[in-house]
Amino acid sequence: MPSIYGFTMVTVKPDDNGLSPIAFYLDRGSGVPTYLQFVHQVDYALRLGFLREGDQLPRIKDVTRTLAVNPDTVMKAYRELELRGVAAGRPGVGTFITQAPDIAGLKQMAGLQKKLTGWLGEAAAAGVDELGMKALFTVALRDFNDGGGAARLPGRDARGGGVARGARRAGGAA
Amino acid sequence: MTAMAVRRMTRATWYKHRFSVVGIPAVFLLPALALFADGVVQRHYLSVHHLNGCLVANATTGGSSCGSAAWVSFISPSSTPNVIAVAVLALPVLVGLFAGVPWVAREFESGAFRFTWTQGTSPQRWLLGTFGPLVLLAAVSAAMYGAAAYWWYQIAQWQTGTSIWSWRWSSFELTPLSIAGWTVLTMALALLCGVLIRRVLPAMIAFIVTLGACVYLSQTLLRPWLFSIGPAVKQVSTSAGWPSSTTTYTVQTWLQAPSGQRLSGLPAVNNVSAWLAQHHYTYWVAYQPHNHLIWLELARNGILVTVAAFAVLASVWWLRIRPAD
Amino acid sequence: MNAIETRGLGKRYRRTWAVRDCDLTVPAGQVTALAGPNGAGKTTLLRILAGLATPTTGTATVLGAAPGSPQARATVSAMDQTVPLYRHLRVAGQLAAARALNDQWDADLAVERLSALGMATSARVGKLSGGQQAQLALTMALARRPRLLLLDEPLASLDPLARQDVLGWLMTCVAEDGLSVVFSSHVIAELERVASYLVVLSAGRIQVAATVDGLLDTHLALTGPADGVDDLYDQVEIVTAQRAGRQALVLARTGAAPPGWAGRPVTMEELVLGYLREPAARVAGEPGVEIVR
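Residues numbered from 1 in each chain as written. Chains lettered and ligands numbered in written order. Predicted model: local features only at pLDDT ≥ 70, side-chain atom pairs only at ≥ 80, totals over all residues.

## Things to note about the overall build of chain C
Phase 1: Helices and strands together make up the secondary structure of chain C, namely 10 helices and 14 strands.
Phase 2: The C-alpha radius of gyration of chain C comes to 21 Å, within 12% of the 19 Å expected for a compact globule of 293 residues.
Phase 3: If you line up chain C on its principal axes, its C-alpha atoms span 65 × 40 × 35 Å.
Phase 4: Relative to all contacts within chain C whose residues are 6 or more apart in sequence, the contacts with residues 24 or more apart total 68%. (Helix = DSSP H or I, 4+ residues; strand = E, 2+ residues; numbered from the N terminus. Rg over C-alpha atoms; globule rule 2.2 N^0.38 Å. Contact = placed C-beta atoms within 7 Å.)

Written as C-alpha cells, this is what we have:
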C-alpha cells in the first residue's frame, strides 16, 4: 500500500501467506540502488533477530508482485547475499539464510545504541535539528569508509568501495 | 485454410459483424417475400378470371392477343413494375454500401484494426476468412431474392405497357444469376473501396462512382458486345421467316447480293422491294435465339464475378503491402 | 535470440522521418523502457515492431521473425497507445472475438484477471472507463501467452494504485515466464524500478540503448563550482551540464568524481533527462563505448 512518504508499507496479511518472516519494502527517495536496499534490509533483519538461520527469504515472484520491481533486481540482491555467504539458493524452492553473519552480541548492540542516544541528546542540546544530525552522521560514515576504516567494518564485500556504485566499477563494462 | 480456422473466423465475424450476418439475409429475403406475395396475388387474380391462356406473347406484336375485359384491365400500363424492377436491382447496391464498404473502412477509421491485426491472424487471412463467408451469404441470399424477382416479373412484365421481350434489360437482370452476380461484384467493389480509401464516407462515394461506371459499361458496352457473339444466321424474306420478336435478339440485318456482296444501305429507288427482288438480293438476319439466353447470362455474370475476384485479390494485395498507416 | 533487432530502421510519413537510422539489439528476457519526448518516434517504432506499419528503410525482427509474420504473431503481443478494442461489444464478446482470432489463448488467465479487477463481463466495452479499457487490452495481450510484449504507454490512463498493480503483475510474468517486455512511458521514475534495458529516442533517432545497470554504473551526477565546468570538460566525459548561479550540476560518464566535485549515483530520470537535453550525445550498445558527440 503506498503512503505519502514514498514507502511501500507491509500489509498486515502477508502476500506470500507467511512463507518468509520478512517482506521487503522500497525507499524510493533514498538514491540507494534497489538491490542494495534489499541486501541492507536482510542485514538489518538478521541483526535484529527477525531472520534466523534456515529462514526463507521472500520469493522473487512475491517481491515482484507487491513491489513492482524487475526480478533481476531481486536476483541481484540474492546473489550479493550468496557472495557474502549469508544466503544460498535452492533451485525450485527458494533462497534461504545459511548462516547469521558474525555480528556483535545483543548486549553489545544495546550498549552501542545507548551511546548513540547520548550523542543524539548532545547534538539536540547544541541546537542541531534532525536533518543536521543525519548530515553529520552521513559525513562521518563516509569519512570512516573512505579513510581506510572499510577493512574494519564487518560484512563488507571484498571489492570494497564507497557509496557510489560507479566508484566501485570505475570505467568497467557492465 | 483449415476447417478449424474457418470455424474460428466465422465466429470472429459473428462477434464483430453480427449485424451484417443477420441483416444481409434479412434485407434480401424480406423483399423477396414481398415480391413472392405480390406474384401469388397476381397469379390468383389470373386464375380466378381464367386469364392464364392470355399469357402468350404474340410473335409480331409482342403483347397478348387476348381481348377479354378482365385481361385488358389487368394489363393497363403502369410504370410501377419498372420502378420496382429498378428498386430490386438497387438493393445489392445498398447492401454493398452499408455492409461491404464499412467492413474494412470502419476497421481503419475506428482504429480497431490495431487490435484485429495484432492477433494471431494476418490481415489478409482475416479479410478472406471473414469477408469471404459474408460474400457467400450475400450471394446465396441474393440468388433467392433474384428467383423471387424473376418469378414476380414473369407476370409483372405484362403490366408495363411495353411488349414482352425476354432480352429486355429488366428481363435479363431480374434473374437469380444476374442479381447474385451483381451482388458479388458490389460487395467486392465495396471491399476494394474500403481497403483503398480507409474512411467510410469517402469510400462510400468512391464505391457509388465505380459501381455506376460498371453498370454503365455493362449496359452500353458489355451486353451489346456479348450479344453479338456467336449469333445464328438465317435468311428471311421481306415478310416471313423473321425470328420471333419476343424471344430473340436481333444483332444485325443486311441485304446480300447473289455475289455475296452486302448492301451498305437501301437504294434510292421508288419501289425498293421490287428492285431488290429484281436484283435477287436476299435478306439476312443475325440473331440470338432464345436458347442462347442462358449462356449469355452465364457469360455476363461470369464476367461480373471474375471482376469481383480481381477486386478481392487487389484488396488482399493492397492490404499486404500497406497493412496500416 | 534477441527480443528486438533493428538495422538502419527508418519510417517516413510524407516528408518527415518519424524514425531514422535505428540500430537496436535488445536481448531477450529484458524489460525495456522506451523513453523520449512526444513525437520522438516511440509509437512509430512500436508499431513497426508490432507489424502495424511497414518501414521505409532498414529491417526489424522480433524474436527472430519479421513483424507481422505468422511466427511473430504467435509469440509477440502488442498494445497500442490508442487502446484499440471493439467498443460496441460487451466484454464477454470482446474476449470471445479475441479467442476466435488466436491459436493460443489462455481463457482462464483472462477470466481470473478480469474478475480480480472486478470487471463485469456483461459491461459494454465502450462504456468502460479509460483505465478499465487499458486493463482489458492488457489482459488480452497477456492471455495470448506471448514471449514478447510491446506496450505503448500502457499506464497512461491508470490511477497510481492500478499502475502499481499492473507493473507488479507484469514483473511477475517476467519472473515466472521469462517474458520480454518493451514499454514506453512518460513517467520515467516508474520505469526505474522495473526496467533492465533503456532506450531513449529523440527526434526519431536512438540516443541511448544500453542496460540500466551498465548505465547507472558508468554515470555520476557531479555537483561543484559553476566556473569549474570548463575545466571539467578535459577531465571527464560530460553528457550535460547545468549552471545555476554559482553551482553546477553535471551528468558525466565517469567512475569517480574528480577532485573538487562531489559525485553521487544518478537516477534513471536524471540520466534520461540529461541525454534528452543534449541531442548530440549518444550511448550506443553497452557503456564502455565512447560517447559520440
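On we go from here.
## Concerning the interface of chain C and chain B
Phase 1: Residue-level contacts link 24 residues of chain C with 20 residues of chain B.
Phase 2: When residues in the side of chain C that touches chain B are grouped by element, the largest group, six residues, is from helix H3 (residues 91-101) of chain C.
Phase 3: Taken together, the residues of the side of chain C that touches chain B break down into 14 nonpolar, six polar and four charged. (Nonpolar A, V, L, I, M, F, W, Y, C, P; charged D, E, K, R; others polar.)

## Here we look at the domain arrangement of chain C
Many structure descriptions define interface size as the accessible area lost when the parts assemble.
Residue and element names in this part refer to chain C.
Phase 1: Looking at the assigned domains, one finds that chain C contains domain 1 (2-203) and domain 2 (219-284).
Phase 2: The gap between the C-alpha centroids of domain 1 and domain 2 is 34 Å.
Phase 3: Across the boundary between the two partners, domain 1 contributes 10 residues, which contact seven residues of domain 2.
Phase 4: At the level of secondary structure, the elements contributing two or more residues to the side of domain 1 that touches domain 2 comprise helix H7 (188-194) and strand E8 (197-202).
Phase 5: If you tally residues by element for the side of domain 1 that touches domain 2, the top one is H7, at four residues.
Phase 6: Looking at the side of domain 1 that touches domain 2 residue by residue, the class counts come to eight nonpolar, one polar and one charged. (Domains from an automatic or database assignment.)

## Regarding the packing of helix H2 (residues 60-67) of chain A against helix H3 (residues 71-83) of chain A
Residues and elements named next belong to chain A.
Phase 1: Between H2 and H3, the least distance of the axes is 9 Å, while the angle of their chain directions is 130°. Of the possible angle classes, the one that applies to H2 and H3 is oblique. Crossing geometry of H2 relative to H3 is assigned as right-handed. Between H2 and H3, the residues in contact are Ile60, Val63 and Thr64 and Pro71, Val74 and Met75, respectively.
Phase 2: Per-class residue counts for the contact of H2 with H3 are five nonpolar, one polar and no charged. (Axes fitted to C-alpha atoms, helices over the stretch in contact; angles between N-to-C directions. Parallel < 35°, antiparallel > 145°, perpendicular 65-115°, else oblique. Left-handed = near helix turned anticlockwise from the far one by under 90°.)

## Observations regarding the arrangement of the chains
Phase 1: Contacts between protein chains span two pairs of chains, and they are most numerous for chains A and C.
Phase 2: Between chain A and chain B there is no contact, and the shortest C-alpha to C-alpha distance separating them is 26 Å.

## Quick word on the nonpolar core
Phase 1: Within the largest apolar cluster, 184 residues are counted, with the highest numbers of intra-cluster contacts made by B:Ala149, B:Ala188, B:Leu191, C:Leu150, C:Leu198 and C:Val199.
Phase 2: Apart from the residues within four sequence positions on either side, C:Leu150 is in contact with C:Leu46, C:Leu49, C:Ala50, C:Val76, C:Ala78 and C:Val182. (Core = buried A, V, L, I, M, F, W, Y, C linked by C-beta atoms within 7 Å. Buried ≥ 20, exposed ≤ 12 C-beta atoms within 10 Å, placed from the backbone.)

## With respect to the pairing of strand E12 (residues 247-253) of chain C
Residue and element names in this part refer to chain C.
Phase 1: Taken together, the seven bridges between strand E10 (residues 219-225) and E12 define a ladder with antiparallel strand orientation. When the bridges of E12 are listed, Thr223 appears paired with Leu249.
Phase 2: Inspection of the sheet shows strand E11 (residues 237-244) paired to E12 by seven bridges, in the antiparallel sense. By the bridge assignment, Ala241 is partnered in E12 with Val250.
Phase 3: Hairpin connection, E11 to E12: the antiparallel pair is bridged by two residues, and Gly245 has positive phi, about 65°. (Pairing = 2+ DSSP bridges.)

## As for H3(C)
Phase 1: A large share of H3(C) lies buried, amounting to eight of its 11 residues.
Phase 2: Looking only at H3(C), the buried set comprises C:Val91, C:Gln94, C:Leu95, C:Ala97, C:Ala98, C:Arg99, C:Ala100 and C:Leu101.

## A few points about the sheet that holds strand E1 (residues 232-236) of chain B
Either a parallel or an antiparallel arrangement is found when strands of a sheet pair, and the pairing is made through backbone hydrogen bonds.
Residue and element names in this part refer to chain B.
Phase 1: Taken in spatial order, the four strands make up an open sheet running E1-E4-E2-E3, and their pairing is antiparallel. Across the chains shown, the open sheet's two edge strands, defined by having one partner strand only, are E1 and strand E3 (262-263).
Phase 2: Direction of pairing for strand E2 (residues 249-256) relative to strand E4 (residues 282-288): antiparallel, over a ladder of seven bridges. The residue of E4 that forms the bridge with Gln252 is Ala286.

## Section: the packing of helix H3 (residues 80-109) of chain B against helix H5 (residues 123-156) of chain B
Residue and element names in this part refer to chain B.
Phase 1: As a packed pair, H3 and H5 sit with axes 11 Å apart at the nearest point and diverge in direction by 175°. In terms of axis orientation, H3 runs roughly antiparallel to H5. Packed against H3, whose contacting residues are Pro81, Ala85, Val88, Pro92, Val95 and Trp103, the element H5 presents Phe131, Ala138, Ala142, Ala149, Tyr153 and Ala156 at the interface.
Phase 2: Residues that form the contact of H3 with H5 fall into these classes: 12 nonpolar, no polar and no charged.

## Considerations on the confidence of the model for chain A
Residues and elements named next belong to chain A.
Phase 1: In the predicted model, chain A carries a mean pLDDT of 76, and 70% of its residues have values of at least 70.
Phase 2: Summarising per-element confidence for chain A, the mean pLDDT is lowest in helix H6 (residues 165-168) (37) and highest in H3 (93).
Phase 3: When the criterion is pLDDT under 50, residues 149-174 qualifies, and its contacts beyond four places in sequence or with other chains add up to 47 contacts. (pLDDT = per-residue confidence, 0-100.)

## Observations regarding unusual backbone geometry
All names here are of chain C.
Phase 1: Residue Leu63 is not a glycine yet carries a positive backbone phi of 50°.
Phase 2: You will see that Glu153, though not glycine, has its phi angle at about 50°, which is positive.
Phase 3: By secondary structure assignment, the location of Glu153 is in the loop between strand E6 (148-152) and helix H6 (160-177).
Phase 4: With 21 C-beta atoms counted inside 10 Å, the residue Glu153 sits in the buried group.

## Focus on helix H8 (residues 200-227) of chain B
All names here are of chain B.
Phase 1: The end-to-end C-alpha separation of H8 is 38 Å, in line with the 40 Å expected for 28 residues at 1.5 Å each.
Phase 2: At Ser218, H8 is deflected by roughly 45°, the largest bend along its length.
Phase 3: Residues of H8 that are buried: Ala203, Met204, Ala206, Phe207, Leu211, Ser218 and Phe227.
Phase 4: Elements in contact with the buried residues of H8: H3, helix H7 (176-197), E2, E4 and helix H10 (293-321). (Expected span 1.5 Å × (residues − 1). Bend = angle between axes of the 7 residues up to and from the residue.)

## Brief notes about the pairing of E8(C)
Residue and element names in this part refer to chain C.
Phase 1: With six of six residues buried, E8 lies mostly within the body of the structure.
Phase 2: Taking every second residue as pointing to the same face, both faces of E8 are buried, with Tyr197, Val199 and Leu201 on one and Leu198, Val200 and Ser202 on the other.
Phase 3: In this structure, E8 lies alongside strand E9 (residues 205-211), joined through six bridges in antiparallel fashion. Of the residues in E9, the one forming a bridge with Leu201 is Ile206.

## Topic: the sheet that holds strand E2 (residues 16-27) of chain C
Residue and element names in this part refer to chain C.
Phase 1: The antiparallel open sheet is built from three strands, whose spatial order is E2-E1-E4. Since the sheet does not close on itself, it has two edges, and those belong to E2 and strand E4 (57-62), each with one partner. Taken over all neighbouring pairs, the strand axes of this sheet differ in orientation by 20° on average, direction set aside.
Phase 2: Bridging between strand E1 (residues 2-13) and E2 involves eight bridges; their strand directions are antiparallel. By the bridge assignment for E2, Asn2 is matched with Pro27.

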